[in-house]
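Summary of the model geometry
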Amino acid sequence: MKYEALGLATRARAGQLGSPQAVDDARMAIEIARRLADPAVLLECLAVLLELEGNDELLAEARQAVQRILGELSEEPLRRRFLASVASKVGVYM
């Protein structure tokens, strides 16, 4: 399921910005990722749909995923690098 979600997200990212197929792929990727216990996969899939058609609900879910990941990172330099990566990818500033 992890690779299916990431594959759909990649295909959506490669599609035309805002195209119906890309949006559908991103939504399917998120639905699959939600069933996984992996917030990093969910965040990656959410980032794609946020790029295509972001909204407040998606942003809130992405922020929750970021918080879950941060909760597992104990080293401050690693936390800063992760936040920088997330900010550049989806604009989720914590």
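Structure: see above.
Read on for an overview of the structure.

The rules behind each value
Residues numbered from 1 in each chain as written. Predicted model: local features only at pLDDT ≥ 70, side-chain atom pairs only at ≥ 80, totals over all residues. Heavy atoms only, no water. Helix = DSSP H or I, 4+ residues; strand = E, 2+ residues; numbered from the N terminus. Rg over C-alpha atoms; globule rule 2.2 N^0.38 Å. Buried < 20%, exposed > 50% of the residue type's maximum accessible area, 1.4 Å probe, protein only. Contact = heavy atoms within 4.5 Å. Areas by Shrake-Rupley, 256 points an atom, 1.4 Å probe, with all protein chains shown as cover. Lys, Arg positive; Asp, Glu negative; His and termini not counted. Charge placed at Lys NZ, Arg CZ, Asp CG, Glu CD. Salt bridge = Lys/Arg side-chain N within 4 Å of Asp/Glu carboxyl O. Axes fitted to C-alpha atoms, helices over the stretch in contact; angles between N-to-C directions. Parallel < 35°, antiparallel > 145°, perpendicular 65-115°, else oblique. Left-handed = near helix turned anticlockwise from the far one by under 90°.

1. Things to note about the overall build of the protein chain
Counting its regular elements, the protein chain contains 5 helices and 0 strands. Counting from the amino terminus, the protein chain carries its helices and strands in the arrangement α-α-α-α-α. Its C-alpha radius of gyration of 13 Å places the protein chain within 12% of the 12 Å reference for a compact globule of 94 residues. Its C-alpha atoms give the protein chain principal-axis dimensions of roughly 40 × 25 × 20 Å. Looking at the protein chain as a whole, 40% of its 94 residues are labelled buried. Taking as baseline every contact in the protein chain between residues at least 6 positions apart, the subset at least 24 positions apart corresponds to 55%. When the accessible area of the protein chain is evaluated, it comes to approximately 5,700 Å², of which 52% is carbon and sulfur surface. Of the side-chain charges in the protein chain, 12 are positive and 14 negative, and the distance between the mean point of each set is 4 Å.

2. Some thoughts on the pattern of salt bridges
Pairing is possible between side chains of opposite charge, provided their charged atoms come close. Counted according to the given criterion, the structure contains 7 salt bridges. Between Glu31 and Arg34 there is a salt bridge whose closest N-O contact spans 2.6 Å. On the criterion of helical spacing, the pair formed by Glu31 and Arg34 is a turn pair, its members being 3 residues apart in helix α2 (residues 20-34). Classification of Glu31 by relative accessible area gives partly exposed; the value is 44%. A single network of salt bridges, built from pairs that share partners, joins Arg13, Glu44 and Glu51.

3. A short note on the packing of helix α4 (residues 56-72) against helix α5 (residues 76-90)
Running from N to C, α4 and α5 point in directions that differ by 160 degrees, and their axes come no closer than 10 Å. By the angle between their axes, α4 is roughly antiparallel relative to α5. The crossing of α4 and α5 is right-handed. When α4 is examined against α5, the residues Val66, Ile69 and Leu70 are found in contact with a partner set consisting of Arg79, Phe82, Leu83 and Val86.

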